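Residue-level listing of the chains:
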Amino acid sequence: MNSLNISNTSLIFASVLIVIALLIDYKEKLGLGKDIFIAAIRTVVQLFVIGYVLSYIFKLDNILVTLFMVLFIIVNAAINAAKRTGGIDKAFSISLIAIGVGTAVSLIVLFVSGALEWTPSQIVPITGMIASNAMTAVGVGYRSMNASFKDQRQQVLEKLALGADIKQATAPIIRHSIKSAMAPSIDRAKTVGLVSLPGMMSGLMFAGIEPTTAIRYQIVVMFMLIATTGFSTMIASYLAYKSYFNDRKQLLD
Amino acid sequence: MSQPIFTLQDINFEADQKKILQHISFTVKQGELVTITGPSGSGKSTLLKIIATLLSETSGKILFHDKDINQYEPTEYRKLVSYCFQTPSLFGDTVQDNLSFPYEIRHKEFDQKRAIHLLERVGLDASYLDKSIHDISGGEKQRVALIRNLLFETDVLLLDEVTSALDHENSQIIRDLIFQLNQEENITVLWVTHNPDEFKEGTHQIKMVEGQIQEEYHE
Ligand SMILES: Nc1ncnc2c1ncn2[C@@H]1O[C@H](COP(=O)(O)OP(=O)(O)OP(=O)(O)O)[C@@H](O)[C@H]1O
Ligand SMILES: [Mg+2]
């Protein structure tokens, strides 16, 4: 590693950036002052806490503790994704299964292929990356599904009236929900390196890793994200659509 | 003609604490042409949707061939008791997407000949199959929607103001089709209409007011 070190003094000087944001807020009367302040404080506190926790976990290098951390990340991702369902039944369990399975499958593929080693310093950050993308994707899928059920309510009813099963009546909605959830990660994969250098790769290069090595990790990450977002939203959509119907196969209000 | 196909026993329906249907009881015999009329908001569509099992009654019971409609598998029941919406909207992209749907859900090959035959029976033709659902008129949509319900044999047709979006000539075509289905194919029809001439055609006529049956007439 090269001399990678930010002193606390540098951090304090960097806080000037937040002061700039607060000045903009004041001048433009955005009314965001409190939010910006809270956001800044939370950033500092949360990251310091997680920094020390990770540092401890990496040193400990204990399978159970690492697994607990993985679980903690997935549960948090599920709680957040569940908030975007617009109040369907079992939102949390559905999100947990979807994000959990999606993340697990990606992790397993990465292990088997040898791209990832079983050390906390690799597993924890990668899990965080996968789960947070799965969370966003599942959330997008839920929102799309909610919107479609509103927009296409009449069409769904007509299909039911023709004797369609709830899955047959919902097929285009499910397809659309998976598509819209996957679209961002596909788009990102198309523009990666052209518009932005992604976080993983930037981080590795920051730490002094050769760009040609850093890109290998990034390639793995891009593939992983496409797979996970697809898989997680597929699971979430297939589990969630049923909550829009009752057991008499009627579309709920 | 004498077997009851439907028996409605004291059907009540409430939504948002509002009584929408109250004490609806009547019997429909196999092969009848039941016409239902009443002012806007009197609960006609709600009644058909309940019979179609798209809504559940708040209380009461409906028997279909002597068995509670809630005991049928909903998708099987709805294939036998086919509801055509008052303001239907088509799905997919083309007219054909709509007409092939009933085949899809039965895992059957689309029968283009039959679809064209039915299109012609309602005054349309084969060229409509490929038309975008956005490029056809309201009356044409209404007719395509009706055909969707006719591609496979059904026991009962629940028709909700199916001629209201049509001009005189096309209404007549649809009326003739309904009579033919009823008389020649022995399909039991429950037909909601605002048109007094259509109402008079019923062999069994029901007038609804404020969620209740005001008058009932049997031939
Ligand atoms: N899901 C619902 N929630 C609340 N009220 C409803 C609901 N469905 C229907 N209603 C109300 O029930 C009443 C009957 O509606 P319905 O559509 O059955 O009337 P209709 O007789 O078919 O009228 P029209 O001739 O205008 O088609 C109306 O006052 C309507 O606003
Ligand atoms: Mg109506």
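From a predicted model like this one, the values you see are computed outputs, not experimental measurements. (Residues numbered from 1 in each chain as written. Chains lettered and ligands numbered in written order. Predicted model: local features only at pLDDT ≥ 70, side-chain atom pairs only at ≥ 80, totals over all residues. Heavy atoms only, no water.)

Asker: Mind laying out the overall build of chain B, listing which residues take part and the relevant values?
Answerer: Along its length, chain B carries seven helices and ten strands. Against the globule reference of 17 Å for 219 residues, chain B gives a C-alpha radius of gyration of 17 Å, in line with a compact fold. Reported as C-alpha extents along the three principal axes, the dimensions of chain B are approximately 45 × 40 × 35 Å. The 219 residues of chain B split such that 54% are buried. Sequence-distant contacts, at least 24 apart, represent 69% of the contacts inside chain B between residues at least 6 apart. For chain B, the distance from the average site of its 21 positive side-chain charges to the average site of its 35 negative ones is 2 Å. (Helix = DSSP H or I, 4+ residues; strand = E, 2+ residues; numbered from the N terminus. Rg over C-alpha atoms; globule rule 2.2 N^0.38 Å. Buried < 20%, exposed > 50% of the residue type's maximum accessible area, 1.4 Å probe, protein only. Contact = heavy atoms within 4.5 Å. Lys, Arg positive; Asp, Glu negative; His and termini not counted. Charge placed at Lys NZ, Arg CZ, Asp CG, Glu CD.)

Asker: Can you break down the sheet that holds strand E5 (residues 67-68) of chain B residue by residue, with the values?
Answerer: Residue and element names in this part refer to chain B. Within the open sheet, the four strands sit side by side as E2-E1-E4-E5. Their pairing is antiparallel. Of all strands in the sheet, those bounded by a partner on one side alone are strand E2 (18-29) and E5. As paired strands, strand E1 (residues 4-15) and strand E4 (residues 59-64) are joined by five bridges and run antiparallel to one another. Residue pairing in the sheet places asparagine 12 in a bridge with serine 59 of E4. (Pairing = 2+ DSSP bridges.)

Asker: So what's going on with the sheet that holds strand E3 (residues 33-37) of chain B? Which residues, and what values?
Answerer: All names here are of chain B. Within the open sheet, the six strands sit side by side as E6-E7-E8-E3-E9-E10. Their pairing is mixed. Each of the sheet's edge strands pairs with one partner strand only, and the pair in question is strand E6 (81-84) and strand E10 (212-218). Here the strands of the sheet are splayed against their neighbours by 15° on average, with no regard to which way each runs. Pairing of E3 with strand E9 (residues 204-209) involves four bridges; the strand directions are parallel. When the sheet's bridge partners are listed, threonine 35 is paired in E9 with glutamine 205. Across the face of the sheet, helix H1 (residues 44-51) comes into contact with E3, E6, strand E7 (156-160), strand E8 (188-192) and E9 while running at roughly 155° to E7. (Axes fitted to C-alpha atoms, helices over the stretch in contact; angles between N-to-C directions.)

Asker: Tell me what's going on with the site of ligand 1, and back it up with residues and numbers.
Answerer: Residue and element names in this part refer to chain B. In the vicinity of ligand 1 there are 15 residues, among which Ser40, Lys44, Ser45, Thr46 and Gln86 approach most closely. Residue glutamine 86 places a side-chain N or O atom 2.8 Å away from an oxygen atom belonging to ligand 1. Interatomic distance of 2.9 Å between a side-chain N/O atom of histidine 194 and an oxygen atom of ligand 1. The fraction of the free accessible surface of ligand 1 (640 Å²) that becomes covered by protein chains is 67%. Taken together, the elements giving at least two residues each to the shell around ligand 1 come down to E2 and H1. At three residues, H1 tops the list of elements feeding residues into the shell around ligand 1. Here the residues of the shell around ligand 1 are counted per class, giving three nonpolar, eight polar and four charged. (Near = heavy atom within 4 Å. Polar contact = N/O pair within 3.5 Å; in protein donor to acceptor, adjacent residues only side chain to side chain. Areas by Shrake-Rupley, 256 points an atom, 1.4 Å probe, with all protein chains shown as cover. Nonpolar A, V, L, I, M, F, W, Y, C, P; charged D, E, K, R; others polar.)

Asker: Break down the coordination of the magnesium ion (ligand 2) for me, citing the residues and quoting the values.
Answerer: Residue and element names in this part refer to chain B. Taken together, the protein donors to the magnesium ion (ligand 2) comprise Ser45 (OG) and Gln86 (OE1), at separations of 1.9 to 2.2 Å. Here glutamine 86 lies in the loop between E6 and helix H3 (95-105) and serine 45 lies in helix H1, a separation of 41 residues in the sequence. A residue is classified by how much of its surface remains accessible, and glutamine 86, at 28% relative accessible area, is partly exposed. (Donors = N, O, S within 2.8 Å, 3.2 Å for Na, K, Ca; no water.)

Asker: An account of the confidence of the model for chain A is needed here, citing residue identities and associated values.
Answerer: In the predicted model, chain A carries a mean pLDDT of 91, and the fraction of residues at 70 or more is 98%. Least confident of the elements in chain A is helix H9 (residues 199-206) of chain A, whose mean pLDDT is 85; most confident is helix H7 (residues 153-161) of chain A, at 97. (pLDDT = per-residue confidence, 0-100.)

Asker: Outline the domain arrangement of chain A, listing residues and values.
Answerer: Residues and elements named next belong to chain A. When cut into domains, chain A gives domain 1 (1-60) and domain 2 (62-244). Taken over C-alpha atoms, the centre of domain 1 sits 27 Å from the centre of domain 2. Each partner contributes to the interface: domain 1 provides eight residues, whereas domain 2 provides eleven residues. Here domain 1 packs against domain 2, burying approximately 790 Å² in sum over the two surfaces, 81% of which is carbon and sulfur. Our count for the contact surface shared by domain 1 and domain 2 stands at zero salt bridges. For the pair domain 1 and domain 2, the interface holds one residue pair in polar contact (both at pLDDT 80 or more). For the side of domain 1 that touches domain 2, the class distribution of residues is seven nonpolar, one polar and no charged. (Domains from an automatic or database assignment. Buried area = accessible area lost by both parts, 1.4 Å probe. Salt bridge = Lys/Arg side-chain N within 4 Å of Asp/Glu carboxyl O.)

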